[in-house]
Amino acid sequence: MASITLFQNATHRNILLEDFGRGQAVQANQHLIVHDGAGMILDPGGHRVYTRAMSESTALLGDGELKLIFFSHQDPDIIAAANGWLMTTEATAWISTLWIRFVPHFGLDQLVIDRLKAIPDEGMRLDLAGSELLVLPAHFLHSPGNFQVYDPVSKILYSGDLGASFGMDYQEVRDFGAHIPYMEGFHRRYMASNKVLRAWADMVRGLEIDTIAPQHGAFFHGKEMVRQFIDWCAELSAGVDILPPFRIPR
Ligand code: FE
């Protein structure tokens, strides 16, 4: 598998880095946005993928520079290598204000701690060399402090754990119905409820989306595929909707 360019024009490129995940650890995608030589890495991953994700993004950036690091939430497959990324670049790293005081437990050097920045609960906009990126609230999908990124140039929605799929051997969803079994169990157990899935669906229906790119598994491309995914989320019962009663283990 090689890196996949999801979008490209004269000044802007969106790259899905090669799947570096192997063995026991969950498969994870790393995404790079390059605008006018400035780079943004999304959910860069843990220690297992750090060396290769770093060298790959450095090669793709060429003479450019990594400016922004985005962490959708606090899970180890996203932030475990935060110190390495901050120590080897001048980038600022962004994570929910709920998690800002937890990340230093992974071991953040004093030299870089000021470059870890909090995203307010309502979301924000980030500037990548003049290209504006929307940081959208997507709380409880699954983390209580969780964000997604929408890139208006490429019309890609980076959806983090929402839309994650596991166990298939393809990188792009071609048949939505056939794809459901690879994501259903995860979404029912990890996503908080139908109420929050609907709130998300209502928000993103207001965006023009060509591609939904999750942090795990295959991406959804094309307006019809995107629509099917959003509709599926809006109808899904998940989390506390279907939680069985707790029992004391025997
Ligand atoms: Fe997660």
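As shown above, the structure is provided for reference.
Residues numbered from 1 in each chain as written. Predicted model: local features only at pLDDT ≥ 70, side-chain atom pairs only at ≥ 80, totals over all residues. Heavy atoms only, no water.

Caption draft 1: Looking closely at the overall build of the protein. Each helix and strand in the protein was counted, giving seven helices and 13 strands. With respect to the principal axes defined by its C-alpha atoms, the protein has extents near 50 × 45 × 35 Å. Intrachain contacts of the protein at a sequence separation of at least 6 include 63% that bridge at least 24 residues. Summed over all atoms, the accessible surface of the protein reaches about 11700 Å², with 54% contributed by carbon and sulfur. Charge centroids of the protein, computed over 20 positive and 29 negative side chains, lie 6 Å from each other. (Helix = DSSP H or I, 4+ residues; strand = E, 2+ residues; numbered from the N terminus. Contact = heavy atoms within 4.5 Å. Areas by Shrake-Rupley, 256 points an atom, 1.4 Å probe, with all protein chains shown as cover. Lys, Arg positive; Asp, Glu negative; His and termini not counted. Charge placed at Lys NZ, Arg CZ, Asp CG, Glu CD.)

Caption draft 2: Seen up close, a nonpolar patch on the surface. Taken together, the side chains of V240, L243 and F246 present a nonpolar region at the surface, about 370 Å² in accessible area. Mapped onto the elements, L243 comes out in the segment after α7 (223–235). With a relative accessible area of 45%, L243 lands in the partly exposed category. (Patch = residues over 30% accessible without salt bridge, like charges linked within 9 Å, V, L, I, M, F, W, Y side chains within 5 Å. Salt bridge = Lys/Arg side-chain N within 4 Å of Asp/Glu carboxyl O. Buried < 20%, exposed > 50% of the residue type's maximum accessible area, 1.4 Å probe, protein only.)

Caption draft 3: Region of interest: the nonpolar core. Core analysis: the biggest nonpolar cluster contains 33 residues, and W200 and F229 have the highest contact counts within it. For this core, the secondary structure elements donating two or more residues are β9 (131–137), α6 (194–204) and α7. In terms of nonpolar packing, the next biggest core, distinct from the first, is built from 26 residues, L61, I79, V103 and L116 among them. (Core = buried A, V, L, I, M, F, W, Y, C linked by side-chain atoms within 4.5 Å.)

Caption draft 4: Fine view of the pattern of salt bridges. In total, this model carries eleven salt bridges according to the counting rule given. A salt bridge links E208 to K223, with the nearest nitrogen and oxygen atoms 3.9 Å apart. One end of the pair, E208, is in the loop between α6 and β12 (211–214); the other, K223, is in helix α7, with 15 residues separating them in the sequence. Here D210 ties to K223 by a salt bridge, and the two come within 2.5 Å at their closest N and O atoms. Here D210 is found in the loop between α6 and β12, whereas its partner K223 is found in helix α7, with 13 residues between them in sequence.

Caption draft 5: Expanded view of α6. All buried positions along α6 are accounted for by N194, V196, L197, W200, A201 and V204. Relative to the axis of α6, the buried residues are bounded by an arc of 165 degrees and lie together on one face. Of the exposed residues in α6, the ones pointing more than 90 degrees away from its buried face are K195 and D202. Next to the buried residues of α6 lie β10 (147–151), β11 (156–160) and α7. Taking the backbone nitrogen of K195 as reference, a side-chain oxygen 3.3 Å away marks S193 as the first, capping residue of α6. (Arc of directions from axis to C-beta. Polar contact = N/O pair within 3.5 Å; in protein donor to acceptor, adjacent residues only side chain to side chain.)

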